[in-house]
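Results of the structural survey
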Amino acid sequence: MILMDPEETGKAPEIRALKSRAVNRVDSDLGRMEAVKRLKGVEDRRVGSEVFDELTLKTLYKLANSGYLAVLNGAVSTGKEANVFKGITDTDDFVAVKIYRVATSDFKKMQYYIQGDPRFKVRTTNRRQLVQAWVNKEFRNLKRALEAGVRVPEPVTARDNVLIMEFIGKDGVPAPTMRDAPPEDPEEALETIIEYMHRLYKGARLVHGDLSFFNILNHCGEPVIIDVSQAMVLDHPLAGELLERDIENIIRDFRRIGVSVSADYIRERITGK
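Residues numbered from 1 in each chain as written. Predicted model: local features only at pLDDT ≥ 70, side-chain atom pairs only at ≥ 80, totals over all residues. Heavy atoms only, no water.

- As named in an unreviewed UniProt entry, the protein chain is non-specific serine/threonine protein kinase, taken from Methanothermobacter thermautotrophicus.

Structure follows, in structure tokens:
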């Protein structure tokens, strides 16, 4: 699907299926994208209007003009605050395009996680400003995690309520979560994840805060940690509580696939204490 500047259409764009990749190209000379949606019913129309509001379409248009995005294809995942779509660049590389819904995001949750983070000073009563800070927080958390040696999607750019990052998958097919595709070698996967939690803690100085099999992809047998928007810096007053929650989640999820591990073992591996 391609996006067109909403100001030039004179009306809200439709989303429809495209039959050929040939029309899925952006004319770089004109710098235009055409937004295309396929709506199947009342629910799809509601979700489509929530995700592709006018300001979001303008943001996607600007990202296309800047060379970050040429094609926007179907949804990879749908969450409470955001939808992730498969994008294609001008060089035919796949990217993940995460679009936060400004109108329906859980702002109490965002306020809970962003207040007290010394990196961000925002008016938490302003919805759009809060979402922009949340997207920037995820972008910066991904960079810090990657620099610390944690396998996460590499961030590309963030603008307004849109985050573009590395597409995790093969031949355009997104990698499943470990919830949907448990690891073939659970013990090895557990040790890898604990090592990533240690690097996140010691190297990036972050705690994920929502780590579970739902937020770990199984990419050809390799764990990839995703959804780091709520991750907290260690000097945040909630960091210790969030670390304990992550540890409990990992113990629970691995127990379900037959691997037992103690909280003391994981905690010592992560913190060295």
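Okay, back to it.
Re the overall build of the protein chain
- On a plain count of helices and strands, the protein chain comes out with eight helices and eleven strands.
- Accessible surface, the protein chain as shown: approximately 13,400 Å² in total, 47% of it carbon and sulfur. (Helix = DSSP H or I, 4+ residues; strand = E, 2+ residues; numbered from the N terminus. Areas by Shrake-Rupley, 256 points an atom, 1.4 Å probe, with all protein chains shown as cover.)

Quick word on the packing of helix α7 (residues 239-256) against helix α8 (residues 263-271)
- Relative to each other, α7 and α8 sit at 130°, their axes nearing to 10 Å. The angle between α7 and α8 falls in the class oblique. Two packed elements cross with a definite hand, and for α7 against α8 that hand is right-handed. In contact with Leu 243, Glu 244, Ile 247, Ile 250 and Ile 251 of α7, α8 contributes Ala 263, Ile 266, Arg 267, Ile 270 and Thr 271. (Axes fitted to C-alpha atoms, helices over the stretch in contact; angles between N-to-C directions. Parallel < 35°, antiparallel > 145°, perpendicular 65-115°, else oblique. Left-handed = near helix turned anticlockwise from the far one by under 90°. Contact = heavy atoms within 4.5 Å.)

Remarks on the pattern of salt bridges
- Using the criterion set out here, one finds 13 salt bridges in the structure.
- The salt bridge partner of Lys 98 is Glu 138, with a shortest N-O separation of 3.0 Å. Here Glu 138 lies in helix α5 (residues 127-147) and Lys 98 lies in strand β3 (residues 94-100), a separation of 40 residues in the sequence. An identical accessibility class is assigned to Lys 98 and Glu 138; each is buried.
- Among the ionic pairs, Lys 98 bridges to Asp 227, the shortest N-O distance being 2.9 Å. Residue Lys 98 is located in strand β3, and its partner Asp 227 is located in the loop between β10 (222-225) and β11 (232-233); the two are separated by 129 residues in the primary sequence.
- A cluster of three or more residues bridged by salt bridges with shared partners is formed by Glu 191, Glu 195, Arg 199 and Arg 269. (Salt bridge = Lys/Arg side-chain N within 4 Å of Asp/Glu carboxyl O. Buried < 20%, exposed > 50% of the residue type's maximum accessible area, 1.4 Å probe, protein only.)

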